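Close look at the chain arrangement
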Amino acid sequence: MKLYIQNHVDTNENEDFQLAVEIKKLKIDILDLIQKNMRKIKKDMGLVQIEHVLSENIDSYIKSTADAIISMDLGLDNEKINQIIDDAYFNIKITSIKIQQAMTILDKNAFAIIDMFFPNSMYSYLLKDPQLELIGMCDKVEIIDGKYYPVAIKSSNPPLKGVWDQDAIELVAYAILLEEEFETEVFVGFVDYEKIGDRRPVVMDVNLRKGLFDVMREVKEITDNKKLPNVRKNPRKCAHCEYNNICLKD
């Protein structure tokens, strides 16, 4: 329904989308900064010291980047900024514990095991296929032993098990685009749910690939043929939707 309204009812630019893009860029940059800080960690450091090293320059970077986003007048408020900070430090605590355990078991400094935590990756990687009329910006593409693994980074609450359907569909779209661009096969992708610091795998099977093309056909019906979609109304979601006042769900 949002897609229908954006294309056929309200053609104004959606600032919420741009804000979400800027916040996602900030979170990816924070991960990159944590990775750089990890190189300074030694195996004789305690947990508190490891957390301190991983946290270096995090606060100042978030503040300066948040100020830049605020200057764009996209609606970034203190509540969202505080949530970004909380998520970053939660991730740092979890990563610190894992790093300490890995250094103890392997008897190595963090620099020597950094690939275990941060594989060779491409961030915010633009993928497109004109024939499929498919384009997307993959949050992260990890490259391990010549294999490509798409990663979607989500700030939403995860389901109890597995991943949300829409997250799986997004991942398989990236997988198909990666296969086309690099002439390879992608068998699995991952969704990183930041709020609980959990990575969940998604197998790129036949049913999921078929589901993507079903969604793409549905999208074309909405955008090209102005087909009004069926809506499963959810009062909680509808109340927070930016199109609540002009929605055609009734």
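Residues numbered from 1 in each chain as written. Predicted model: local features only at pLDDT ≥ 70, side-chain atom pairs only at ≥ 80, totals over all residues. Heavy atoms only, no water.

The next thing to look at is the packing of aromatic side chains. The tally for this structure, following the rule as stated, stands at 3 aromatic pairs. A ring pair is formed by Y148 and F182, whose centres lie 4.4 Å apart and whose planes are at 20°; its orientation type is stacked. Within this pair, whereas Y148 is found in strand β3 (residues 147–154), its partner F182 is found in helix α7 (residues 165–182), the two being separated by 34 residues in sequence. Owing to a relative accessible area of 17%, Y148 belongs among the buried residues under this scheme. Here the aromatic rings of Y149 and F190 are separated by 6.1 Å at their centres, their planes lie at 40°, and the arrangement is tilted. With Y149 in strand β3 and F190 in strand β4 (residues 188–193), this residue pair connects regions lying 41 residues apart in the sequence. Feature note: the residues Y125, Y148 and F182 constitute an aromatic cluster, connected by ring pairs. Above the plane of the ring of F190 lies R199, whose end atom (NZ or CZ) is 4.9 Å from the centre. (Phe/Tyr/Trp six-rings, centres within 6.5 Å; stacked < 30°, edge-to-face > 60°. Helix = DSSP H or I, 4+ residues; strand = E, 2+ residues; numbered from the N terminus. Buried < 20%, exposed > 50% of the residue type's maximum accessible area, 1.4 Å probe, protein only. Lys NZ or Arg CZ within 6 Å of the ring centre and 35° of its normal.)

Moving on, we come to the pattern of salt bridges. Under the definition given, this model contains 21 salt bridges. Between E194 and K27 there is a salt bridge whose closest N-O contact spans 3.2 Å. Of this pair, E194 sits in the loop between β4 and β5 (198–203) while K27 is found in helix α2 (residues 15–38), placing the two residues 167 residues apart along the sequence. Assigned by exposure class, E194 and K27 land together as buried. Of the charged contacts, one joins E142 and K140 as a salt bridge, the two residues approaching to 3.1 Å between their closest N and O atoms. Note on K140: relative accessible area 5%, which makes it buried. Beyond isolated ion pairs, a larger network of salt bridges with shared partners links K140, E142, D192 and R199. (Salt bridge = Lys/Arg side-chain N within 4 Å of Asp/Glu carboxyl O.)

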